[in-house]
Amino acid sequence: MAIKNAEDNGPTKKDQASSDTLFDGEQPTLEEIRSWGKSFDKLMRSPSGRKAFREFLRCEYSEENILFWLACEELKKETNPEAIEEKARFIYEDYISILSPKEVSLDSRVREIVNRNMVEPTPHTFDEAQLQIYTLMHRDSYPRFINSPQFKTLAQIPDGVSASGSTAESPSN
């Protein structure tokens, strides 16, 4: 499916093929993709946006952040007390435990809150930790994502132009 826009002639075959494999048939519009460059919240609310961001984080070796955030979102939907406890233990072992290879970076205050909450897990056991990781992704990874070649290709933004639409005076590091 070709996306037409007054600014371009639609995706090239190469661009279309790469975005088709990234989104598995649930192709977002060019307008939606470009909205991700303006709002981290829009990116994270979009299943396609989360998928593209996750691929970027995988390349940066920080995919555990979005995986943790997604696991917390799933836990919040759970109503069965036994399932809540089981899911909370899995999340703790996978992302909070210092023994985990997928441990997320939390400060000691939030880590202590999570440890207290684990005595009787609820769907909101990890809210503080989830917020801290969301903030970390927003401040740290997101600016790199919207300026990455991957995002610029998806959003059909020419080299030398930032995701916000301004032209770069000189390449930044």
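Just so you know, these numbers come straight off a predicted model, no measurement behind them.

A. Spotlight on the overall build of the protein. Helices and strands together make up the secondary structure of the protein, namely nine helices and zero strands. Along its sequence from the N terminus, the protein presents helices and strands in the succession α-α-α-α-α-α-α-α-α. The buried share of the protein, taken over its 173 residues, is 45%. At a minimum sequence separation of 6, the contacts of the protein that also span at least 24 residues come to 55%. Entry remark: accessible area of the protein is about 10,400 Å², with carbon and sulfur atoms responsible for 52%.

B. Seen up close, the pattern of salt bridges. Under the defined criterion, the tally for this structure stands at 13 salt bridges. Of the charged contacts in the structure, one is a salt bridge between R144 and E60, with a shortest N-O distance of 2.7 Å. Taken together, the positions of R144 in helix α8 (residues 127–146) and E60 in the loop between α4 (47–59) and α5 (63–77) put the pair 84 residues apart, joining distant regions of the chain. Take R144: its relative accessible area is 36%, and that puts it in the partly exposed class. For E60, a relative accessible area of 27% puts it in the partly exposed group. Among the charged side chains, a network of salt bridges with common partners joins R54, E55, R58 and E63.

C. The packing of α5 against α8, seen in detail. Taken N-terminus to C-terminus, the directions of α5 and α8 make an angle of 140 degrees; their axes are 10 Å apart at the nearest point. Note on packing geometry: the crossing formed by α5 with α8 is left-handed. Here α5 contributes N65, I66, F68, W69, C72, E73 and K76 to the contact with α8, which in turn contributes D127, A129, Q130, I133, Y134, L136 and M137. Within the contact of α5 with α8, the residues separate by chemical class into nine nonpolar, two polar and three charged.

D. Here's a closer look at the packing of α4 against α8. Between α4 and α8, whose axes approach to 10 Å, the crossing angle comes to 90 degrees. Relative to α8, the element α4 lies roughly perpendicular. Contacts between α4 and α8 involve A52, F53, F56 and L57 on the former and, on the latter, M137, S141, Y142, R144 and F145. Within the contact of α4 with α8, the residues separate by chemical class into seven nonpolar, one polar and one charged.

E. Region of interest: the environment of S100. Within the secondary structure, S100 is located in the loop between α6 (81–96) and α7 (108–117). With relative accessibility at 11%, the residue S100 sits in the buried group. Setting aside residues no more than four positions away along its own chain, S100 makes contact with E93, D94 and Y95.

F. Geometry of the nonpolar core. Ranked by internal contacts, the top residues of the largest apolar core, which has 38 residues, are F53, F68, F126, M137 and F145. When contributions to this core are tallied by element, the ones reaching two or more residues are α2 (30–36), α3 (40–45), α4, α5, α6, α7, α8 and α9 (149–154). Setting aside its immediate chain neighbours within four residues, F126 contacts F68, C72, L75, A88, I91, Y92, I96, V114 and M118.

About the thresholds
Residues numbered from 1 in each chain as written. Predicted model: local features only at pLDDT ≥ 70, side-chain atom pairs only at ≥ 80, totals over all residues. Heavy atoms only, no water. Helix = DSSP H or I, 4+ residues; strand = E, 2+ residues; numbered from the N terminus. Buried < 20%, exposed > 50% of the residue type's maximum accessible area, 1.4 Å probe, protein only. Contact = heavy atoms within 4.5 Å. Areas by Shrake-Rupley, 256 points an atom, 1.4 Å probe, with all protein chains shown as cover. Salt bridge = Lys/Arg side-chain N within 4 Å of Asp/Glu carboxyl O. Axes fitted to C-alpha atoms, helices over the stretch in contact; angles between N-to-C directions. Left-handed = near helix turned anticlockwise from the far one by under 90°. Nonpolar A, V, L, I, M, F, W, Y, C, P; charged D, E, K, R; others polar. Parallel < 35°, antiparallel > 145°, perpendicular 65-115°, else oblique. Core = buried A, V, L, I, M, F, W, Y, C linked by side-chain atoms within 4.5 Å.

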